[in-house]
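Listed below are the residues making up each chain.
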Amino acid sequence: EFDVRIRITALAEKTIRYAGEVTRGETRIATGVMTIACVTHAPDAPMKAVAIPAEVASRLAVAPSE
């Protein structure tokens, strides 16, 4: 068994950055970061980054530093 913690470390107009940590007891097993972009995709067109919808962004906040 292990615990996973994920928190938002940055919130920009088009992206959200997450940091994660996996622990077993007091032992850190793994860490990582992931940046997610909000995109739109039309048929026969490449994905394009777009602003995160206000109704979504308003529900998110950067977590305090640990």
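Preceding block: the structure.
Residues numbered from 1 in each chain as written. Predicted model: local features only at pLDDT ≥ 70, side-chain atom pairs only at ≥ 80, totals over all residues. Heavy atoms only, no water.

*Asks:* Would you mind going over the overall build of the chain with me for this structure?
*Replies:* The number of helices and strands found in the chain is one helix and five strands. Of the regular secondary structure in the chain, the N- to C-terminal order runs β-β-β-β-β-α. Counting only C-alpha atoms, the chain reaches 50 × 25 × 15 Å along its principal axes. Sorting the 66 residues of the chain into buried and exposed places 9% on the buried side. Considering only residue pairs separated by 6 or more positions, the chain has 29% of its internal contacts joining residues 24 or more positions apart. Total accessible area computed for the chain in this model is approximately 5,400 Å², and 55% of it derives from carbon and sulfur atoms. Where the 8 positive side-chain charges of the chain centre and where its 8 negative ones centre are 6 Å apart. (Helix = DSSP H or I, 4+ residues; strand = E, 2+ residues; numbered from the N terminus. Buried < 20%, exposed > 50% of the residue type's maximum accessible area, 1.4 Å probe, protein only. Contact = heavy atoms within 4.5 Å. Areas by Shrake-Rupley, 256 points an atom, 1.4 Å probe, with all protein chains shown as cover. Lys, Arg positive; Asp, Glu negative; His and termini not counted. Charge placed at Lys NZ, Arg CZ, Asp CG, Glu CD.)

*Asks:* How should I be thinking about the sheet that holds strand 2 (residues 15–24) in this particular structure?
*Replies:* Strand pairing in a sheet is mediated by backbone hydrogen bonds. Such pairs are either parallel or antiparallel. Pairing is antiparallel in the open sheet, where three strands are placed in the order 1-2-3. In this open sheet, the two edge strands, each paired with only one partner strand, are strand 1 (3–11) and strand 3 (27–37). Mean inter-strand twist for the sheet, computed between neighbouring axes without regard to direction, equals 20°. The sheet contact formed by strand 1 and strand 2 spans eight bridges and is antiparallel. (Pairing = 2+ DSSP bridges. Axes fitted to C-alpha atoms, helices over the stretch in contact; angles between N-to-C directions.)

The values are spatial; any link to function lies outside them.
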